[in-house]
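# Inside the fold
Chain by chain, the residues run as shown.
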Amino acid sequence: MDKTLLKEKVCKCIDENQDKIIEIGEKILNNPELGFKEKHTSELVAKVFASLNLETENHIALTGVKALAEGRSHNLKIAIIGEMDAVLCPDHPNANIDTGAAHSCGHNAQIASLLGAAFGLVLSDGINELDGDIEFVAVPAEEFVELEYRDRLRNQGCIKYFSGKQELISLGFFDSIDMAMMVHSQANVQERKAYLNGGSNGFLGKNIRYIGKASHAGGSPHEGINALNSAMIALMSINALRETFKDEDAIRVHPIITKGGDLVNVVPADVRLETYVRGKSISAITSTNSKVNRAFKAGAYAIGSDVIIQDIPGYLPLNQDANLSNVFEDNIKTLIGSENIIKGIDMIGSTDMGNLSSIIPIIQPTIGGFKGSAHSKDFEIVDPYMAYIVPAKAMAMTAVDLLYDGAEVGKSVKSQFKPQLTKEEYLNLMESMDKSIQYKFNE
């Protein structure tokens with residue numbers, strides 16, 4: 001079949017299933033779940049894959065789901081990805097009343113567009129015209145949150161890394177994948193615009209625990225060692241370091257106190273914090289992390305508490321593949337117009353697609369159709385067609401380009417890609433970032 005006609009057939013099938021795709025997105029919106037807890041979302045995804053008669057595997061990285069659609073030959077394998085997890089945003093109108101989870105980042109739209117692409121490529125029989133395979137992947141836990149909970153999962157042997165794509169890389173899932181794509185929301189952009197080939201910061205995650213000595217806060221505070229005071233000194237020390245951060249490194253350090261004590265009339269003896277150290281490069285992150293660790297140690301030394309500093313492998317800076325971006329651009333501009341394509345704007349956050357981008361060619365364009373700031377109560381979809389349907393069509397058409405006629409376009413993208421790291425080098429880097437050190441000052 002002619003490639004243009006094939007794309008039209010695939011998109012027509014997506015349009016015919018438009019109501020179903022949007023319904024899926026809205027159902028996930030109203031049933032948000034945090035990372036590695038996406039039980040209902042993964043069940044819904046698996047049910048849709050089963051309805052398409054796709055070979056499906058559940059419970060990858062605890063809650064992930066993947067389905068394989070095989071082409072007429074198997075020259076390449078590409079992955080189309082969506083993320084399942086929500087964030088904590090209890091004030092959001094669609095938040096889970098019990099957990100505070102809310103899809104205030106648009107991952108519900110990702111899953112809907114992932115399934116929309118599957119509808120188009122499978123129900124149209126378009127996959128049978130392609131010379132490669134497509135793995136549709138619903139990935140858990142992109143949001144790097146609830147670090148203590150995930151540390152417990154790791155200690156129980158349930159996971160090794162704290163995010164879904166980190167875990168899938170470690171498990172070898174992407175060993176057979178030649179390239180991957182997904183589409184993310186662009187917050188505060190209601191118009192039908194697409195942002196291509198931007199980067200993002202990487203980061204290192206950190207758990208901090210100050211151990212002091214409890215005593216009566218009113219009767220005998222002099223007998224205690226106030227771990228909360230250690231934490232406060234550390235936070236002020238980090239603030240004092242900010243003038244040393246170089247603008248070009250785009251450093252961000254943003255700690256929170258997750259436990260400030262036990263009772264108001266007891267000197268705090270167990271105080272805990274979480275933070276990221278973000279930056280544009282691994283070297284910038286590691287050098288800043290050394291400064292931040294000094295600040296945390298200083299807080300402990302000043303008060304005489306002990307401190308445990310746990311570094312957790314986070315996300316690498318995102319590097320989207322320019323050639324793959326060009327293929328995607330050729331398709332999405334037919335849907336929203338070339339005048340609505342913006343290139344090279346870096347994303348404000350971080351993503352574990354950055355880890356994957358160091359190993360294989362990937363893209364993660366962002367699109368409009370969303371109102372409000374990400375991770376806030378005001379975030380919402382204002383253009384369902386743009387949020388759910390346009391990315392489904394754009395990814396499906398990109399898959400056609402990559403795998404059509406012997407998968408020559410896909411082969412060209414793969415041949416021109418120069419990985420930053422081999423998988424072995426990547427895993428060694430993650431291992432080097434994973435460490436926990438205790439400093440004792442109150443003995």
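Structure report, in brief. (Residues numbered from 1 in each chain as written. Predicted model: local features only at pLDDT ≥ 70, side-chain atom pairs only at ≥ 80, totals over all residues. Heavy atoms only, no water.)

### Details of the pattern of salt bridges
A side chain of one charge can pair with a side chain of the opposite charge if their charged atoms are brought near each other. Quick reminder of the rule: Here, a salt bridge means any side-chain nitrogen of Lys or Arg that lies within 4 Å of a carboxyl oxygen of Asp or Glu. Elements are defined by DSSP. Helices are runs of H or I of four residues or more, strands are runs of E of two residues or more, and each kind is numbered from the N terminus. Here the term buried applies to any residue with accessible area under 20% of the maximum for its type, exposed to any over 50%, and partly exposed to those in between, with areas from a 1.4 Å probe on protein chains only.
Per the stated rule, a full pass over the model turns up 28 salt bridges. Salt-bridge contacts for Glu 148 lead to Arg 272; the nearest nitrogen and oxygen are separated by 3.0 Å. In this pair, Glu 148 sits in helix 5 (residues 147-155) while Arg 272 sits in strand 13 (residues 270-279), placing the two residues 124 residues apart along the sequence. Judged by its relative accessible area of 26%, Glu 148 is partly exposed. Among the salt bridges present, the one from Arg 209 reaches Asp 270, with a minimum N-O distance of 3.1 Å. Taken together, the residues span a long stretch of sequence, with Arg 209 in strand 10 (residues 202-211) and Asp 270 in strand 13 at a distance of 61 residues.

### Brief notes about helix 3 (residues 39-51)
Spelled out, the test is: In a helix, the anticipated span is given by 1.5 Å times the number of residues less one. Contacts are assigned to residue pairs that have any heavy atoms within 4.5 Å of one another.
With 13 residues, helix 3 extends 19 Å from end C-alpha to end C-alpha; this agrees with the ideal 18 Å at 1.5 Å per step. Within the sequence span of helix 3, burial applies to Thr 41, Ser 42, Leu 44, Val 45, Ala 46, Val 48 and Phe 49. The elements touched by buried residues of helix 3 are helix 2 (18-29), strand 1 (55-60), strand 2 (64-69), helix 4 (107-123) and strand 6 (133-139). At the C-terminal side of helix 3, Asn 53 shows a positive phi close to 60 degrees.

### Digging into the packing of aromatic side chains
Formally: Pairing of aromatic rings covers Phe, Tyr and Trp, the last counted by its six-membered ring, and requires centre-to-centre distances within 6.5 Å; plane angles under 30 degrees mean stacked, over 60 mean edge-to-face, and any other angle means tilted. Remark: a charge is flagged as sitting over a ring if the NZ atom of Lys or the CZ atom of Arg is within 6 Å of the ring centre and within 35 degrees of the ring normal.
The full count for this structure, using the stated rule, is 9 aromatic pairs. Residues Phe 173 and Phe 174 carry aromatic rings whose centres are separated by 4.8 Å and whose planes lie at 80 degrees to one another, so their mutual orientation is edge-to-face. With a relative accessible area of 9%, Phe 173 lands in the buried category. Consider the rings of Phe 370 and Phe 379, whose centres lie 5.4 Å apart with planes at 20 degrees: the pair is stacked. Like Phe 379, Phe 370 is buried. Here Lys 37 stacks its cationic end above the ring of Tyr 149, 4.3 Å away from the centre of that ring.

Everything listed is a geometric property; what it means functionally is a separate question.
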